[in-house]
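A structural walkthrough
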Amino acid sequence: MADSLKDAPFKTVQVEALVVMKIVRHCSNSFPTTATGSIVGMDKDGVLEITNTFPFPTVDVTNAEGGHQNDASALAAAAPRAKANIVYQNDMIRHLKEVNVDANNVGWYTSATMGNFVNSSFIENQYHYQRENERIVALVHDVSRSSQGALSLRAFKLTQNFMTAFKEGKFTTESLQKSKLSFKDILVEFPIHVHNSHLLTTFLHQLPVAPTSEDVTMPTSLADLQRDPVRMPLHPSVDILDLSIDPFLEKTCDLLLDSIESHYTELNNHQYYQRQLAREQTKITAWQTKRKAENAARVAAKQQPLPEDEWQRIFKLPQEPSRLEGMLNAKQVEQYSKQIDGFTASVSAKMFAVRGNLLPE
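Residues numbered from 1 in each chain as written. Predicted model: local features only at pLDDT ≥ 70, side-chain atom pairs only at ≥ 80, totals over all residues. Heavy atoms only, no water.

Considering the overall build of the protein chain
Put simply, the rule is: Going along the chain from the N terminus, every DSSP run of H or I of four or more residues is numbered as a helix, and every run of E of two or more is numbered as a strand. For every residue, the accessible area (1.4 Å probe, protein chains only) is compared with the maximum for its type, and the residue is labelled buried under 20%, exposed over 50%, or partly exposed between those bounds. Residue contacts are counted whenever heavy atoms from the two residues lie within 4.5 Å of one another.
In terms of regular secondary structure, the protein chain is built from 14 helices and eight strands. A burial count over the protein chain gives 33% of its 361 residues as buried. Long-range contacts, defined here as pairs at least 24 residues apart, represent 78% of the contacts in the protein chain between residues at least 6 apart.

Considerations on the pattern of salt bridges
Threshold: One speaks of a salt bridge when a side-chain nitrogen belonging to Lys or Arg is within 4 Å of a carboxyl oxygen belonging to Asp or Glu.
Scanning the entire structure with this criterion turns up seven salt bridges. Residue Arg154 is joined to Glu189 by a salt bridge in which the shortest nitrogen-to-oxygen separation is 3.0 Å. Remark: Glu189 occurs in strand 7 (residues 187-190) and Arg154 occurs in strand 6 (residues 153-158); sequence separation between them is 35 residues. For Arg154, a relative accessible area of 22% puts it in the partly exposed group.

Looking at the packing of aromatic side chains
Note the threshold: Only rings of Phe, Tyr and Trp enter the pairing, Trp through its six-membered ring, and a pair is recorded when the two centres are within 6.5 Å. The plane angle decides the type: under 30 degrees is stacked, over 60 is edge-to-face, the rest tilted.
Tallied over the full model, the rule gives six aromatic pairs. Taking 6.1 Å as the distance between ring centres and 75° as the angle between the ring planes, the aromatic pair formed by Phe54 and Tyr88 counts as edge-to-face. Residue Phe54 is found in strand 3 (residues 47-55), and its partner Tyr88 is found in helix 4 (residues 83-98); the two are separated by 34 residues along the sequence. A relative accessible area of 5% places Phe54 in the buried class. Both rings, one in Phe117 and one in Phe122, keep their centres 5.4 Å apart while their planes meet at 70°; by these two values the pair is edge-to-face. Relative accessible area serves as the criterion here: at 3%, Phe122 is assigned to the buried category.

Looking at the sheet that holds strand 6
Cut-off, in case you're wondering: Two strands qualify as a pair provided DSSP detects at least 2 bridges between them. For helices, the fitted axis covers only the stretch in contact; all axes are lines through C-alpha atoms, and the angles between them, taken along N-to-C directions, range from 0 to 180 degrees.
The strand order across the open sheet built from eight strands is 7-6-5-4-2-3-1-8, with neighbouring strands paired in mixed fashion. Each edge of the open sheet carries a strand with a single partner, namely strand 7 and strand 8 (192-195). Strand-to-strand, the axes of this sheet are offset by a mean angle of 35°, without reference to chain direction. In terms of strand pairing, strand 2 (residues 36-44) meets strand 3 through eight bridges, oriented antiparallel.

Some details on a negative patch on the surface
Put simply, the test is: A patch consists of residues exposed above 30% relative accessible area that lack any salt bridge, with like charges linked at up to 9 Å and nonpolar side chains (Val, Leu, Ile, Met, Phe, Trp, Tyr) linked at up to 5 Å. To be clear on the numbers: accessible area is Shrake-Rupley with a 1.4 Å probe, and residue cover counts the displayed protein chains and nothing else. Counted as positive: Lys and Arg. Counted as negative: Asp and Glu, with His and the chain ends omitted from the count. All charge positions are set by atom: Lys at NZ, Arg at CZ, Asp at CG, Glu at CD.
Together, Glu250, Asp254, Asp258 and Glu261 line one region of the surface with negative charge. A relative accessible area of 38% means that Asp254 is categorised as partly exposed.

Re helix 4
Note the cut-off: Multiplying 1.5 Å by the residue count of a helix minus one yields the expected span of that helix. What the arc covers is the set of directions going from the helix axis to the C-beta atoms.
Counted at 1.5 Å a residue, the expected span for helix 4 with its 16 residues is 22 Å, and the 23 Å between its end C-alpha atoms agrees. Listing the buried residues of helix 4 in full gives Asn85, Gln89, Ile93 and Leu96. On an axial view of helix 4, the arc spanned by its buried residues comes to 80°, and they lie on one face. Exposed residues on helix 4 whose side chains face more than 90 degrees from its buried face are Lys83, Ala84 and Glu98. Among the structural elements, strand 2, strand 3, strand 4 (104-112) and helix 5 (120-130) are those in contact with the buried residues of helix 4.

Side note on the packing of helix 5 against helix 7 (residues 160-168)
When two helices pack together, their arrangement is given by the angle between their axes and by how far apart the axes lie. Put simply, the rule is: Angles are sorted into four bins: roughly parallel if under 35 degrees, roughly antiparallel if over 145, roughly perpendicular if 65 to 115, and oblique for all others. Gly counts as polar in this scheme, as do all residues outside two lists: the nonpolar Ala, Val, Leu, Ile, Met, Phe, Trp, Tyr, Cys and Pro, and the charged Asp, Glu, Lys and Arg.
Where helix 5 contacts helix 7, the two axes come as close as 11 Å, and the packing angle between them is 100°. Considered as vectors, helix 5 and helix 7 are oriented roughly perpendicular to each other. The segment helix 5 lies against helix 7, with Ile123, Glu124, Tyr127 and Gln130 engaging Phe162, Met163, Phe166 and Lys167. Taken together, the residues of the contact of helix 5 with helix 7 sort by class into five nonpolar, one polar and two charged.

Looking at a nonpolar patch on the surface
The grouping of Leu200, Phe203, Leu204 and Leu207 at the surface amounts to a nonpolar patch, some 360 Å² of accessible area in total. Considering the arrangement of structural elements, one finds Leu200 in helix 9 (residues 198-206). Residue Leu200 is classed as partly exposed on the basis of its relative accessible area of 33%.

Here's what the structure looks like:
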């Protein structure tokens with residue numbers, strides 16, 4: 001992953017605060033349905049700057065006959081590569097260019113729940129964007145994590161090796177061994193920096209300052225600001241002393257078990273293919289041995305030998321299933337494992353601090 005980050009056309013992603021607010025609002029209003037949209041900006045000195053965003057329109061299937069919530073989520077997840085939304089995106093970018101706003105498409109964003117975003121729809125959307133432009137990222141906003149007060153916004157990009165393999169469409173055991181492609185080589189993550197304008201930064205610095213009755217002496221130079229910097233007040237909180245187990249930890253563990261079960265299902269399917277292939281190869285070997293014996297007898301009788309390649313018409317080898325779904329499941333298991341590691345760090349520290357009161361005397 002470090003090599004992939006080194007070879008990338010940019011090193012970090014800078015997101016404007018207004019863009020973050022738009023993405024958070026759209027994803028929160030659409031929850032639990034998946035929310036998607038386009039992001040625009042520019043690449044400058046190794047930094048991908050994201051300056052504006054707009055959501056994709058989705059079809060309302062809740063009021064339609066036979067409509068279901070899963071149908072709406074599926075349509076929203078596939079919205080970035082839908083033909084109607086591609087036309088809509090081009091029209092929006094043209095309008096943004098007319099009002100002198102950054103009109104370079106630099107990717108798309110999507111919402112997630114409990115870190116569950118590594119799936120075939122996400123890969124197909126990112127491939128749709130990245131095959132035409134390398135300076136493309138996918139922003140993933142986790143609504144569940146952000147609802148607890150900590151913003152969860154991550155930037156991902158497909159690696160070049162995975163792009164090549166996905167273009168060929170071959171995810172067989174032989175092709176993966178040749179390319180040395182594993183689940184760790186699917187995505188590369190970029191650091192995100194939230195950028196504020198100088199006017200907004202000045203406003204934020206003034207918010208936590210308590211009003212004073214006395215006259216405030218305004219600084220007259222930059223030296224005055226450096227000599228007497230702005231003092232941020234402390235905001236004590238007792239929430240960190242709560243010993244209850246994080247409910248997200250329990251939910252993430254359940255999702256992790258589901259992903260592991262799906263991974264084992266894919267492994268069982270591949271083992272079933274291997275057993276079928278072994279049976280067919282045994283039949284082919286027996287047929288070839290019998291045909292060679294017949295030809296030897298025919299040659300001894302001075303007769304024309306029979307062709308030995310008829311087994312290709314008689315026997316049909318089973319088609320190897322794609323290993324892509326198994327790789328995506330393994331990548332999702334890795335994502336859940338990292339989340340659990342982050343959850344248990346704070347919980348374990350609290351339990352260690354109070355273990356004296358928990359142990360029996």
